[in-house]
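A look at the structure
Take a look at the letters that make up each chain.
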Amino acid sequence: MYKTKEMAIKQLLRGKNFCLKEFDLFRNNKEIVLAAVKQDFIALLYASDEIKNDKEVVLEAVKQKGYAFKYASERLQDDKEVVLVAVEQDGLALVWASKRLQDDKEVVLEAVKQNGNALGHGSERLQDDKEVVLAAVKQKGWALNYASDSLKNDKDILNAAREYLINDKWVGSFREDFLFKAKETLFQYDREDREKELLFKLAELNKLQEQHQNSHQAKVEVRTKRKV
C-alpha cells in the first residue's frame, strides 16, 4: 500500500498503476475515494464498482461536476436525489439518468433550467409538456428543436424563442425548412396581435365617442328644459 493517504489520492486522481494490487486496494477505499472526488470529480472514474455504487461518494462527485454522474452505478442513475444534484450542476447529465427519471417532470424541469438542450434527453411525454418546453426555450432558444410538433407552433414558446428565430447568427441551429415555418407562424401571430390591438383601440374610440355624444345630448336636454 502507498505510504500515505495523500500519495494514494494523488495516484487515484492520475488514474495510474492499474496493474498494481495497491491501486486496486485504495480505489476500493471509501475514505480515499471520497477525499479524492472532493479534489477532482474524475477520481470517480477510477473508483471500484462498489464505490461507484456508494451514494455519499457519488453525491460528492456530482456536486463538483455534473458530468461525474456518467460514472455512477445504474442504481444511483435511478436515484432521484442523486440525479437532481447532477442536473442542477449540469443539465446535460440527464442523458445518463434512467428512463424512469428522464420521464420525471421535476427532474427534467431542473435540467432544462440549467441547460435548455437537456430537453433532448427528456421523455417524449415531457417534450410535449408546455411548462417544461417553455422553461427549456427560455434558457436556450434552440431547445425548440426538441419540442413536440404541436408545441413547435405554440405562440408562447415561439415568442420565447424569438431572438433565436429572427437573429441570423442562430440560423445554423435549425433546419432551414423548420426555421422558415417557425418564423412564418411567429409573424402570423404578430399580425393577429396587431389586428386585435387595432380592433381594441377602435372599440375604445367608439366607446369614448358614444360617451361624448350621450353627454352632449344630456346637456342639450337640460338646456331645453330650462328654456321651457
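My aim in this report is to walk through the structure given alongside it, one point at a time. The shown structure was predicted, so the numbers you read here are calculated from the model rather than taken from an experiment.

This next bit is on the overall build of the protein. A tally of helices and strands in the protein yields 13 helices and zero strands. Reading the helices (α) and strands (β) of the protein from amino to carboxyl end gives α-α-α-α-α-α-α-α-α-α-α-α-α. Out of the 228 residues belonging to the protein, those deemed buried represent 43%. Sequence-distant contacts in the protein: of pairs separated by 6 or more residues, those separated by 24 or more amount to 41%. Taken as a whole, the protein presents about 13800 Å² of accessible surface, with 49% of it coming from carbon and sulfur.

Relative orientation and spacing of two packed helices are given, respectively, by the angle between their axes and the distance between those axes. Two elements in contact, helix H3 (residues 30-39) and helix H6 (residues 55-64), have axes whose closest approach is 8 Å; the angle formed by their N-to-C orientations is 10°. Put simply, H3 runs roughly parallel to H6. Contact residues: Lys30, Val33, Leu34, Val37 and Lys38 in H3; Glu56, Val57, Glu60, Ala61 and Gln64 in H6. Grouping the constituent residues of the contact of H3 with H6 by class yields five nonpolar, one polar and four charged.

So, about the side chain of Gln77. Locating Gln77 in the fold gives a position in the loop between H6 and helix H7 (80-89). Overall, Gln77 belongs to the buried group, its relative accessible area being 13%. Setting aside anything within four residues of it in sequence, one finds Gln77 in contact with Phe69, Lys70, Ala72, Val83, Trp96, Ala97, Ser98 and Leu101.

Moving on, we get to H6. Turning to H6, its buried residues are Val57, Val58, Leu59, Glu60, Ala61 and Val62. Those residues of H6 hidden inside the fold are in contact with H3, helix H4 (43-46), helix H5 (49-52) and H7. Capping the start of H6, Asp54 holds a side-chain oxygen 3.1 Å from the backbone nitrogen of Glu56, two or three residues further along.

Here we take up the packing of helix H1 (residues 5-14) against H3. Their axes nearest at 9 Å, the elements H1 and H3 cross at an angle of 60°. One element, H1, and the other, H3, form an angle in the oblique class. Handedness of the crossing formed by H1 with H3: right-handed. Residue-level inspection shows Lys5, Ala8, Ile9, Leu12 and Leu13 of H1 in contact with H3, the latter providing Glu31, Ile32, Val33, Ala35, Ala36 and Gln39. When grouped by side-chain class, the residues that make up the contact of H1 with H3 number eight nonpolar, one polar and two charged.

What counts, and at which threshold
Residues numbered from 1 in each chain as written. Predicted model: local features only at pLDDT ≥ 70, side-chain atom pairs only at ≥ 80, totals over all residues. Heavy atoms only, no water. Helix = DSSP H or I, 4+ residues; strand = E, 2+ residues; numbered from the N terminus. Buried < 20%, exposed > 50% of the residue type's maximum accessible area, 1.4 Å probe, protein only. Contact = heavy atoms within 4.5 Å. Areas by Shrake-Rupley, 256 points an atom, 1.4 Å probe, with all protein chains shown as cover. Axes fitted to C-alpha atoms, helices over the stretch in contact; angles between N-to-C directions. Parallel < 35°, antiparallel > 145°, perpendicular 65-115°, else oblique. Nonpolar A, V, L, I, M, F, W, Y, C, P; charged D, E, K, R; others polar. Polar contact = N/O pair within 3.5 Å; in protein donor to acceptor, adjacent residues only side chain to side chain. Left-handed = near helix turned anticlockwise from the far one by under 90°.

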